[in-house]
Amino acid sequence: LAKSTCAAKPCWGQDPSSEALERRHYMTNGTKPAQETEIETVRSADGTEIAYARSGSGPPLVLVHGAIFDRSIWEIGGVRSTLAEHTTVYAMDRRNHGDSASADNCSPDAQIADVVAVVESIDEPVHLLGHSSGANYAVWAACGLTISVA
């Protein structure tokens, strides 16, 4: 399995602070985001700390963002808060994004393991929803696949 690497934080010029998340939400929606109830972390298989925000109540739903943004993408149009009306939303930050730790290894297998770590931290079956490349990692995690990069 070939390993790929990516630049250390900040990834894509992101400011991971909660104030920055609020600014981005305000810029896209014109309102302040709904208050996140809890920010938690889990350790992925390689020890990388993966952060997620938990909100709402109901069946668990894990949100996996794409490559360009962080979990704040789910604030656009009130997606996270709307989903949180009916589910317990776990909006994760992928490695090198938002509040998750930086890691040199950004291989598909490492990112799949990150999704698996969040899912396994929840004590019941979950639904997965991904955006862009996050959708790929969500599907691969759900199928228990590993990806070989030639």
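Everything discussed here concerns the structure shown above.
Residues numbered from 1 in each chain as written. Predicted model: local features only at pLDDT ≥ 70, side-chain atom pairs only at ≥ 80, totals over all residues. Heavy atoms only, no water.

1. What about the overall build of the protein chain?
Counting secondary structure elements, the protein chain contains four helices and five strands. Shown N-terminal to C-terminal, the secondary structure of the protein chain runs as helices and strands in the order α-β-β-β-α-β-α-β-α. Split into buried and exposed, the 150 residues of the protein chain put 41% on the buried side. In the protein chain, 73% of the contacts between residues at least 6 apart in sequence involve partners at least 24 apart. Counting every atom, the protein chain has about 7700 Å² of accessible surface; 56% of that belongs to carbon and sulfur. (Helix = DSSP H or I, 4+ residues; strand = E, 2+ residues; numbered from the N terminus. Buried < 20%, exposed > 50% of the residue type's maximum accessible area, 1.4 Å probe, protein only. Contact = heavy atoms within 4.5 Å. Areas by Shrake-Rupley, 256 points an atom, 1.4 Å probe, with all protein chains shown as cover.)

2. Examining the sheet that holds strand β1 (residues 38–43)
Judged by pairing direction, the sheet is mixed, and its five strands sit side by side in the order β1-β2-β4-β3-β5 without closing on themselves. Each edge of the sheet is formed by a strand with only one pairing partner; in this case those strands are β1 and β5 (127–130). Ignoring strand direction, the axes of neighbouring strands in this sheet form an average angle of 25°. By the bridge criterion, five bridges tie strand β3 (residues 60–64) to strand β4 (residues 88–92) in an arrangement that is parallel. Within β4, the position partnered with V64 by the bridge is M92. (Pairing = 2+ DSSP bridges. Axes fitted to C-alpha atoms, helices over the stretch in contact; angles between N-to-C directions.)

3. Here we look at the packing of aromatic side chains
Here the structure, examined in full by the defined rule, presents two aromatic pairs. Geometrically, the ring pair formed by Y52 and Y90 is tilted, given 5.6 Å between the ring centres and 55° between the ring planes. With a gap of 38 residues between them, Y52 in strand β2 (residues 49–56) and Y90 in strand β4 connect regions that are remote in the sequence. Each member of the pair, Y52 together with Y90, is buried. The interplanar angle of 70° and the centroid separation of 5.7 Å between the aromatic rings of Y137 and W140 together place this pair among those described as edge-to-face. Remark: W140 and Y137 occur in helix α4 (residues 133–143); sequence separation between them is three residues, near one turn of the helix. Overall, the relative accessible area of 25% leaves W140 in the partly exposed class. (Phe/Tyr/Trp six-rings, centres within 6.5 Å; stacked < 30°, edge-to-face > 60°.)

4. Considerations on the environment of V119
Mapped onto the elements of the fold, V119 is located in helix α3 (residues 108–120). Sequence separation between V119 and Y90 is 29 residues, and the spatial gap between their C-alpha atoms is 9.1 Å. The contacts of V119, once residues within four sequence positions are left out, are V62, V126 and L128.

5. Some details on α3
For an α-helix the count is 3.6 residues per turn, leaving residues at separations of three or four pointing the same way. Over its 13 residues, α3 runs 18 Å from end to end, which matches the ideal 18 Å to within 8%, given 1.5 Å per residue. Residues of α3 that are buried include every one of P108, D109, A110, Q111, I112, D114, V115, A117 and V118, and no others. The inward-facing, buried residues of α3 contact β1, β2, β3, β4, β5 and α4. (Expected span 1.5 Å × (residues − 1).)

6. Points about the pairing of β1
Successive residues of a regular strand alternate their side chains across the two faces of the sheet. Of the strand pairs in this sheet, β1 and β2 are connected by six bridges, and their pairing is antiparallel. Note that in β2 the partner of E40 across the bridge is Y52. The antiparallel hairpin formed by β1 and β2 contains five residues in its connecting segment, where G47 sits at a positive phi of about 95°.

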